[in-house]
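Each chain, letter by letter, is given below.
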Number of protein chains: 2
Amino acid sequence: MSLLRPTALLLACALPCLAIAAPSAPAATLAEVLAASSAADWRRPDPENTLYMDLPGGRVVIELAPQFAPEHVANIRTLAHARYWDGLAIVRVQDNYVAQWGDPEAGNPEHRRAPGEARARLPAEFERDAADSGFRRIDSRDAYAPQVGFVDGFAAARDPARGKVWMAHCYGLVGAGRDNPADSSNGAELYAVIGHAPRHLDRNITPVGRVLSGIEHLSSLPRGPAPMGFYTDPAQRTPIRSLRLASDLPESERLSIEVFRTDTPAFERLVQARRVRHEEWFIDPVGRIELCNVPVPIRLAL
Amino acid sequence: MSLLRPTALLLACALPCLAIAAPSAPAATLAEVLAASSAADWRRPDPENTLYMDLPGGRVVIELAPQFAPEHVANIRTLAHARYWDGLAIVRVQDNYVAQWGDPEAGNPEHRRAPGEARARLPAEFERDAADSGFRRIDSRDAYAPQVGFVDGFAAARDPARGKVWMAHCYGLVGAGRDNPADSSNGAELYAVIGHAPRHLDRNITPVGRVLSGIEHLSSLPRGPAPMGFYTDPAQRTPIRSLRLASDLPESERLSIEVFRTDTPAFERLVQARRVRHEEWFIDPVGRIELCNVPVPIRLAL
C-alpha cells in the first residue's frame with residue numbers, strides 16, 4: 001500500500017485517455033510516445049563526442065557539445081586521448097549541487113599532472129549565436145530566460161533580443177570549472193550537476209556536455225565534508241580508472257547508445273506527454289512543464 | 001586551478017559591491033545577510049513537529065508542516081510515538097527523484113507491521129486555504145504556479161483565483177506516498193525529494209514537511225535496481241534504526257536547531273542576495289531567482 005508511483009512509466013494510459021491534444025496527436029503517456037517511436041526518432045551520438053568515464057562503481061557516459069563549446073571540447077579530446085584523467089579522482093561532491101573531477105594536485109605546481117598538448121586556458125564559451133543553432137523552443141514559463149528549449153538533445157535557453165543561445169544547467173549537465181577570470185578554464189576540471197538545476201550558473205561558466213547514462217555513479221557518492229563538498233582525506237576520493245573518447249576505442253568496445261532526437265514531432269509529443277499527465281496515478285494532470293523536467297531518453301541499440 | 005566556486009559562501013563580497021539594491025538594504029551576499037542577522041531572524045521548530053530519523057550513515061532531521069497537512073502529521077506523530085518505523089527501511093532510492101521509506105512488507109497483509117492506533121487512510125491534504133496561511137510571495141516567474149513564496153519556512157505556491165496555497169516539491173520536501181486513490185495515504189510510507197524539483201507532484205500528493213538537515217544520508221544511498229528505484233534484495237535496503245519525535249525525547253537529547261525565518265526583512269534580503277549574485281566569482285550577476293533555488297538556512301544554536 002501507499003507506494004508512490006508518479007513515474008509509473010510502465011503503466012498504460014487508462015482508456016479513454018483525457019483528450020486534450022489535437023486529434024492528429026492523440027493524448028499519450030511518455031511510455032506510449034516511446035513505444036510509438038520509429039528508428040528516425042533516435043540518433044547515435046558521434047564517438048568523437050562521447051566520453052566513457054569508468055569509476056569503481058560503473059561507467060558514466062557523457063555526450064560532448066562542440067556546437068556550444070568547440071574550444072573546450074577540442075581540449076577535452078586532447079586530454080582524453082593523452083589519458084590525462086586516468087588515475088585522477090572525483091575531488092568534490094556537494095549535496096544538491098555538483099560532483100567534480102580532475103587533478104587533486106591541480107593547485108600544486110610541483111605535483112600536478114602536465115596537460116600535455118592541451119591548452120592551459122581557453123576563452124569563455126558561455127553562449128553562442130542563436131542563428132543556425134537549431135534551437136527548438138518549448139512552451140514553458142522560465143524563471144531565468146526569455147525562452148527555453150533544446151538544441152541537439154541539450155537543454156538550452158535563448159534570448160531573442162541578443163540573438164544568443166546557451167546550455168541550461170539541468171540535472172546531468174557537465175561543465176568546465178573555472179577560477180574567477182572568465183577565461184580560466186581549460187576543461188581539465190569538470191563537474192556534473194547532481195541536484196536541483198543551478199540555473200544561476202547559466203552564462204557564468206562553460207558547459208561542455210551532459211551525462212547520458214550512469215550519473216548515479218556520481219550522484220550517490222559520499223558527500224565531501226569540507227566546504228563546497230571537497231574531500232579532506234585522499235582516501236575519501238573516488239579514483240577514475242579511465243576516461244576515454246569512444247572514438248579512441250575499437251568499434252567492438254563502443255556502446256551502441258541512442259538518444260531520442262529533440263527536433264522531431266515525436267519529441268513534441270514527448271514534451272506534451274510530460275506537460276499533461278495521463279498516467280492513472282495523477283489526480284491533477286498538471287498541464288505545465290519546466291525545461292529541466294523534460295527527459296531526453298536514451299536506449300541501447302540492438 | 002579551475003576549481004568551481006559558485007557557492008563560495010565564505011567569500012566576502014568584493015568591495016565596492018555592485019550597487020543594485022536600495023541604500024536602505026545594501027547589496028550583500030548570502031554570507032553577509034546571515035552574518036548580519038539577529039536572534040529574532042531565527043526560530044526554533046516545535047519539538048512536536050520535529051522528527052529524527054537515525055540511519056546507519058547518520059541522522060535526518062525533518063520539520064513537519066501541520067499547517068498544511070494536519071491529519072497526516074497527527075498520524076505520523078502517532079506512528080512515531082509507537083516506534084512504528086524502528087527496524088523498517090529505506091525501500092526505494094530513484095536517481096534524480098526520491099528516497100522512500102516504510103514497511104517493505106506493506107503489500108503483504110500477513111507480514112506487514114500493524115499501524116497500531118494510527119488511521120489506515122487519510123483524506124488528501126494537497127492544498128489549503130490561502131487566507132491566514134501567512135504566505136509571503138517572492139518575485140519569481142514560475143513554470144507551474146501563478147505565485148510562489150514561503151509559509152513558515154516551507155516553499156509554497158499560491159493560486160489567488162482559487163484562494164489556495166500548497167507546498168512546492170523542492171529538494172528536501174517530505175511527502176506521504178499514496179496509491180491511485182487520492183485518499184490512500186496514511187503517512188506510514190514517506191518520501192524525500194533528492195533531485196530536481198518534481199513540481200508536477202504539487203497538488204497530486206500530500207506533502208508533510210521538509211528535511212532540515214542530513215538529507216545527504218538519503219541522497220547518497222545506492223539507487224535501487226528495479227523500476228522506480230526499488231531494491232530487489234532485502235540486503236540492499238538501508239535499515240531505519242529509529243524514527244522519533246523530538247518531543248518524545250528528553251530535552252537533553254534534542255538538537256538545538258534553528259531555522260531562518262521566512263517572514264522577515266532579513267529573509268527578503270536573503271532572497272535578494274540569491275537573486276543578484278555579488279560574489280566575486282560571478283561574471284553575470286543573474287538578477288533572477290527560482291523558488292527551489294532559495295535556501296532556508298538552519299544552524300545549531302549554542
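For the structure, check the block above.
Since we're looking at a predicted model, the values are computed, not measured. (Residues numbered from 1 in each chain as written. Chains lettered and ligands numbered in written order. Predicted model: local features only at pLDDT ≥ 70, side-chain atom pairs only at ≥ 80, totals over all residues. Heavy atoms only, no water.)

### Observations concerning the interface of chain B and chain A
The condition is simple: The criterion used for residue contact is that any of the two residues' heavy atoms lie within 4.5 Å. Two parts placed together each lose some accessible area under a 1.4 Å probe, and adding up what both lose gives the buried area. Note on definitions: salt bridges are taken to be side-chain nitrogens of Lys or Arg within 4 Å of carboxyl oxygens of Asp or Glu. In protein, a polar contact means a hydrogen-donor-capable atom and an acceptor-capable atom, both N or O and within 3.5 Å, with residues adjacent in sequence counting only if both atoms are side-chain atoms; elsewhere, any N or O pair within 3.5 Å suffices. The numbering of helices and of strands both runs from the N terminus, where a helix is a DSSP run of H or I of at least 4 residues and a strand a run of E of at least 2. Three residue categories are used. Nonpolar comprises Ala, Val, Leu, Ile, Met, Phe, Trp, Tyr, Cys and Pro, charged comprises Asp, Glu, Lys and Arg, and polar comprises the others, including Gly.
Across the contact, 70 residues belong to chain B and 69 residues belong to chain A. Summed over both partners, the interface of chain B with chain A buries about 6100 Å², with 53% contributed by carbon and sulfur atoms. Counting across the interface, chain B meets chain A through 2 salt bridges. Asp284 of chain A is paired through a salt bridge with Arg203 of chain B; the nearest N and O atoms lie 2.9 Å apart. On the surface where chain B and chain A come into contact, there are 31 residue pairs in polar contact (both at pLDDT 80 or more). For the side of chain B that touches chain A, the elements supplying multiple residues, two or more each, are strand 5 (98-102) and helix 3 (216-219) of chain B. Split into classes, the residues belonging to the side of chain B that touches chain A amount to 34 nonpolar, 19 polar and 17 charged.

### With respect to the packing of aromatic side chains
Residues and elements named next belong to chain A. Threshold: Centres within 6.5 Å make a pair out of two Phe, Tyr or Trp rings, where for Trp the six-membered ring is used; the pair is then stacked when the planes are under 30 degrees apart, edge-to-face when over 60, and tilted otherwise. Only protein chains enter the accessibility calculation, which uses a 1.4 Å probe; a residue whose area is less than 20% of its type maximum is buried, one above 50% is exposed, and one in between is partly exposed.
According to the stated counting rule, one finds 8 aromatic pairs over all chains in the structure shown. Ring centres of Trp42 and Phe260 lie 4.9 Å apart, and the angle between their planes is 75 degrees; this geometry places the pair in the edge-to-face category. Within this pair, whereas Trp42 is found in strand 1 (residues 42-43), its partner Phe260 is found in strand 16 (residues 257-260), the two being separated by 218 residues in sequence. Of the residues examined, Phe260 reaches a relative accessible area of 0% and is grouped as buried.

### Let's talk about the relation of the copies chain B and chain A
Two copies of one chain are present, and they are related through a rotation about an axis combined with an axial shift. We apply this condition: Residues below a pLDDT of 70 in either copy are left out; the C-alpha atoms of the rest, at least 70 in both, set the least-squares superposition of the copies.
The two copies are related by a screw motion: chain B maps onto chain A through a turn of 180 degrees and a shift of 0.0 Å along the axis, at an RMSD of 0.0 Å. The transformation relating the two chain copies, once decomposed into turn and shift, fits a two-fold axis. Most of the interface of chain B is mirrored in chain A, where 99% of its interface residues are also at the interface.

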